[in-house]
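So the chains spell out like this:
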Amino acid sequence: MKTIHIITVAYNLPDATELLFNTAVERGTKKYDLHFHLFLHSERPDTVNMCEKLASTYGPRVTYYPYGQNRGLSKSWNEGLLEAGKFNADIRMIVNDDIFFSENDLDKIADKALAHPECHMVSCAGHHTSFNKKW
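Computed from a prediction, not measured in an experiment: that's the story for all the values here.

Caption draft 1: Inspection of the sheet that holds strand β3 (residues 62–65) at higher detail. Taken in spatial order, the four strands line up as β3-β2-β1-β4 in an open sheet, and their pairing is parallel. Two strands close off the open sheet at either side, each with one partner strand: β3 and β4 (91–94). When strand polarity is set aside, the average angle formed by the axes of neighbouring strands in this sheet is 15°. Here strand β2 (residues 33–40) runs beside β3; their pairing, made up of four bridges, is parallel. Of the residues in β3, the one forming a bridge with Phe39 is Tyr65.

What follows is the structure, encoded as structure tokens:
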């Protein structure tokens, strides 16, 4: 079975990060094995506790990087991409910590990426509540 490796950086949105993981597992894919690379960029106890809970709950599906400080987003993204390569990941997906998945979202994205190996990146955007806010 092909694998999707989700790379995410947790800052200070523990509830959103938990929703990301839970929806990826519960609604995300029926065709691919999932693995997570979770980078902790926070010292806030609620965020630290949530990351430790996710790493424990999802066990071997999670590679946890408890840095506990903001080391730069792109640095962790790049590290996650390289680490996913060591697992021979079929799909490497960078995902913000404030999103969640709807039914079969991961399948659709992965299918599109695999159908277009000539592309180095597939990008998507879904509904985002802040698009409707007036700043």
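So that's the structure; there's more coming.
Caption draft 2: A look at helix α3 (residues 73–86). Taking 1.5 Å of rise per residue, the 14 residues of α3 would be expected to cover 20 Å, and the 20 Å separating its terminal C-alpha atoms lies within 8% of that figure. If you check which residues of α3 are buried, you get Ser76, Glu79, Gly80 and Ala84. Buried residues of α3, seen end-on, are gathered within an arc of 135° and therefore sit on one face of the element. On the buried face of α3, the contacting elements are β1 (3–10), β2, β3 and β4. Of the residues flanking the end of α3, it is Asn88, one or two places downstream, whose phi is positive at about 60°.

Caption draft 3: Here's a closer look at the pairing of β2. Most of β2 sits inside the fold, with seven of its eight residues counted as buried. For β1 and β2, the ladder comprises eight bridges, and the chain directions are parallel. Each bridged residue has a counterpart across the sheet, and for Ile6 the counterpart in β2 is Phe36. With helix α1 (residues 14–27) bridging β1 and its parallel neighbour β2, the resulting β-α-β unit is right-handed.

Caption draft 4: Local environment of the side chain of Ser42. Turning to its location among the elements, Ser42 is positioned in the loop between β2 and α2 (45–57). On the accessibility criterion, Ser42 (4% relative accessible area) is buried. A polar side-chain atom of Ser42 sits 3.1 Å from the main-chain carbonyl oxygen of Tyr11. Polar side-chain contacts of Ser42 include one of 2.6 Å to the side chain of Asn12.

Caption draft 5: View of the environment of Lys31. If you trace the backbone, Lys31 turns up in the loop between α1 and β2. The exposure class assigned to Lys31 is partly exposed, which follows from its relative accessible area of 43%. The residues contacting Lys31, other than those within four sequence positions of it, are Met1, Asp107 and Asp111. Among the polar contacts listed, one links the side chain of Lys31 to the side chain of Asp111, at a separation of 2.6 Å.

Conventions we followed
- Residues numbered from 1 in each chain as written.
- Predicted model: local features only at pLDDT ≥ 70, side-chain atom pairs only at ≥ 80, totals over all residues.
- Heavy atoms only, no water.
- Pairing = 2+ DSSP bridges.
- Helix = DSSP H or I, 4+ residues; strand = E, 2+ residues; numbered from the N terminus.
- Axes fitted to C-alpha atoms, helices over the stretch in contact; angles between N-to-C directions.
- Expected span 1.5 Å × (residues − 1).
- Buried < 20%, exposed > 50% of the residue type's maximum accessible area, 1.4 Å probe, protein only.
- Arc of directions from axis to C-beta.
- Contact = heavy atoms within 4.5 Å.
- Right-handed = clockwise from strand over helix to strand, strands pointing away.
- Polar contact = N/O pair within 3.5 Å; in protein donor to acceptor, adjacent residues only side chain to side chain.

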